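Secondary and tertiary structure notes
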Amino acid sequence: MTQKTMEARKALGTSDLKVSPLCLGGNVFGWTCDEATSFAVLDAYVEGGGNFIDTADVYSRWVPGNKGGESETILGKWLTERGVRNRVVIATKVGAQVESGAGLGREHILRAVEDSLRRLRVDTIDLYYAHYEDPKTPPEETMSAFDSLVRAGKVRALGASNHTPQRLTESLEASRRGNLARYTVLQPEYNLAARSSYEGALRDICEREGLATAPYYGLASGFLTGKYRKGQPTPPSPRAAGVLKKYDNARGWGVLEAMDGVSKRHGATLAQVALAWLGTQRTVVSPIASATSVEQVRDLLRAFKLKLDAEDLRALDVASSREP
């Protein structure tokens, strides 16, 4: 594979990791992407200059017949067969099944990391996320377990996903008190159609503590690509019902209308507009977006050549700030 320059790499918070401005989501590997399609998508992403890939130990447990780890397994096979381990930053997660006891307790983290390393076929995970906060486990226990992984060389940097401001603050304070490795990245839900949960206390913490933000659902599960339209037939997608439940409202359709205007002015796709907007937001380093075809990957990578002007940003802000 030949690698093209995408754009200058950016530092992930205070870590030594430098990543491309688009993170490729691996939640579709082993779900809506079979192995061959996943390989093609990954190839196109790296060839286009991308180097940051996100997965989790639970992907894709929700698919009948799957047990979790399918995405990591596909990614690990691709890394080995393509020989590109040193060219990419691999992020995975632990602790999605809090209610079953597979949360952020020490024993589970130490066991789960070994399973992820084996499936990914790597010696070190570049970025290891706490997938969900675990109210049953003290932050000191969680951060101590993560610290031991960093000291052992099994993990390079730590991140938090789906954390409330309170839990994120408690975890950072636990690291400070114990002189433990700390979170350097936050992965929240954040996009043009869902802003309120991040903008505010979470963003304030990121700015104060020097955390980078790598938001998921950058395209609102496909809603911001324009394939959902008011009054039109629903796309045949496993996500469709959930997508419309969240975004079938005045704000959602208003955002698409504003994006249409920006898209026409620049000759860009809606997906490019959505990701370019995220790229202008404070603390955001590399939004996550998934792709199920080579064409989609190439479209997404072009988002960061799009420069939104003040008029674009004003129109998008007005539409995305209205009540649902």
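Our subject is the structure that appears above.
A few points on the structure. (Residues numbered from 1 in each chain as written. Predicted model: local features only at pLDDT ≥ 70, side-chain atom pairs only at ≥ 80, totals over all residues. Heavy atoms only, no water.)

1. Some remarks on the overall build of the protein
Short version of the rule: Only DSSP runs of H or I with at least four residues qualify as helices, and only runs of E with at least two residues qualify as strands; both kinds are numbered from the N terminus onward. For this measure, only C-alpha atoms enter the radius of gyration; the expected value for a globule follows 2.2 Å times N^0.38, where N is the number of residues. For every residue, the accessible area obtained with a 1.4 Å probe (protein chains only) is divided by the maximum for its type, and the residue is called buried under 20%, exposed over 50%, and partly exposed between those limits. For accessible areas, the Shrake-Rupley method is used with a probe of radius 1.4 Å. Any residue's cover is judged against the shown protein chains and nothing else. Positive charge is attributed to Lys and Arg, negative charge to Asp and Glu, and no charge count is given to His or to the chain ends. Lysine's charge is taken at NZ, arginine's at CZ, aspartate's at CG and glutamate's at CD.
A count of helices and strands for the protein gives 11 helices and 10 strands. Here the C-alpha atoms of the protein give a radius of gyration of 19 Å, agreeing with the 20 Å that 2.2 N^0.38 yields for 324 residues. Considered along the principal axes of its C-alpha atoms, the protein spans approximately 50 × 40 × 40 Å. Split into buried and exposed, the 324 residues of the protein put 56% on the buried side. Counting only carbon and sulfur atoms, one obtains 49% of the accessible surface of the protein, whose full area is about 13700 Å². In the protein, the 43 positive side-chain charges and the 39 negative ones have mean positions that sit 2 Å from each other.

2. Structural notes on the layout of surface pockets
Rule in force here: In the cavity and pocket records, a cavity denotes points on a 1 Å grid over the protein atoms alone where a 1.4 Å probe fits but cannot get out, a pocket denotes an open set with protein on both sides within 12 Å along at least 5 of 7 lines, and lining residues are residues with an atom within 4 Å of a point. Grid points are joined across faces, edges and corners, and a volume is the space filled by probe spheres set on the points. Here the term charged refers only to Asp, Glu, Lys and Arg, the term nonpolar to Ala, Val, Leu, Ile, Met, Phe, Trp, Tyr, Cys and Pro, and the term polar to all other amino acids, Gly among them.
Its boundaries defined by the atoms lining it, the largest pocket holds a volume of some 980 Å³. Considering the residues around the largest pocket, the lining is formed by 41 residues, among which N27, Y217, S221, R239 and S290 are closest to the centre. Those elements that provide at least two residues to the lining of the largest pocket are helix 7 (240–247), strand 10 (288–289) and helix 10 (294–301). Broken down by element, the lining of the largest pocket gets its largest block of residues, four residues, from helix 7. By residue class, the composition of the lining of the largest pocket is 19 nonpolar, 16 polar and six charged. If you go around the second largest pocket, you meet 17 residues; those closest to its centre are D57, K67, Q97, D115 and R119. Ranked by residues supplied to the lining of the second largest pocket, first place goes to helix 3 (residues 106–120) with six residues.

3. Structural notes on empty space enclosed by the protein
As enumerated under the stated definition, the model contains one cavity of 30 Å³ or more in all. Its volume calculated, the largest cavity comes out at about 50 Å³. L104, E133, D134, T137, P139, T142, H163, R167, S171 and Y183 are the residues that line the largest cavity. Looking at the lining of the largest cavity, the elements that each hand over two or more residues are helix 4 (139–151) and helix 5 (165–178). Residue classes in the lining of the largest cavity are distributed as three nonpolar, four polar and three charged.

4. Topic: the nonpolar core
This is how the line gets drawn: Nonpolar cores are built from buried Ala, Val, Leu, Ile, Met, Phe, Trp, Tyr and Cys residues. Side-chain atoms within 4.5 Å join them into one set. Working rule for contacts: check all heavy atoms of both residues, and any pair within 4.5 Å makes them a contact.
Counting residues in each nonpolar core, the largest one holds 103 residues, and the members touching the most others are F52, W78, Y128, F146, L224 and M259. Element by element, the count of residues in this core is highest for helix 9 (residues 270–279), at eight residues. When neighbours within four sequence positions are excluded, L224 is seen to be in contact with N191, L192, A193, G218, L219, V255, L256, M259, L270, A271 and A274.

5. Focus on the packing of aromatic side chains
Our working rule: Stacked, tilted and edge-to-face are the three classes assigned to paired rings of Phe, Tyr and Trp, where Trp is represented by its six-membered ring and a pair needs centres within 6.5 Å; plane angles under 30 degrees give stacked, over 60 edge-to-face, the rest tilted.
All chains considered together, the criterion is met by 10 aromatic pairs. Their ring planes at 55 degrees and their centres at 5.6 Å tell us that Y190 and W277 sit as a pair that is tilted. Placement of Y190 in the loop between strand 8 (183–187) and helix 6 (201–209) and of W277 in helix 9 is noted, with a sequence separation of 87 residues between them. Centroid distance F223 to Y228: 6.1 Å. Interplanar angle 35 degrees. Geometry classified as tilted. For the pair formed by F223 and Y228, the shared burial category is buried. In this structure an aromatic cluster arises from ring pairing among F223, Y228, Y247 and W253.

6. Observations regarding the state of the cysteines
For clarity, the threshold we go by: In plain terms, two cysteine sulfur atoms within 2.5 Å form what is called a disulfide here.
A full pass over the atoms with the stated rule returns zero disulfides. C206 carries a free sulfur, and the closest cysteine sulfur to it, the one in C23, is 16 Å from it. For C206, a relative accessible area of 1% translates into the label buried.

7. Looking at the pattern of salt bridges
Threshold: Whenever Lys or Arg places a side-chain nitrogen within 4 Å of a carboxyl oxygen from Asp or Glu, that contact is recorded as a salt bridge.
A full pass over the atoms with the stated rule returns 23 salt bridges. For D43, the salt bridge identified is with R82, shortest N-O distance 2.8 Å. Of the two residues, D43 sits in helix 1 (residues 35–47) while R82 sits in helix 2 (residues 70–82), which places them 39 residues apart along the sequence. A salt bridge links R195 to D317, with the nearest nitrogen and oxygen atoms 2.9 Å apart.

8. As for the side chain of H108
Summarising the element assignment, H108 is placed in helix 3. Overall, H108 belongs to the buried group, its relative accessible area being 15%. With sequence-adjacent residues up to four places away left out, H108 is seen in contact with V94, G95, A102 and G103.

9. Some thoughts on helix 4
Applicable threshold: To estimate the expected span of a helix, subtract one from its residue number and multiply by 1.5 Å.
The end-to-end C-alpha distance of helix 4, which contains 13 residues, comes to 18 Å, matching closely the 18 Å that a straight helix rising 1.5 Å per residue would cover. Three or more residues of helix 4 are buried, namely P139, T142, M143, A145, F146, D147 and L149. Phi for G153, located one or two positions after helix 4, is positive at around 80 degrees.

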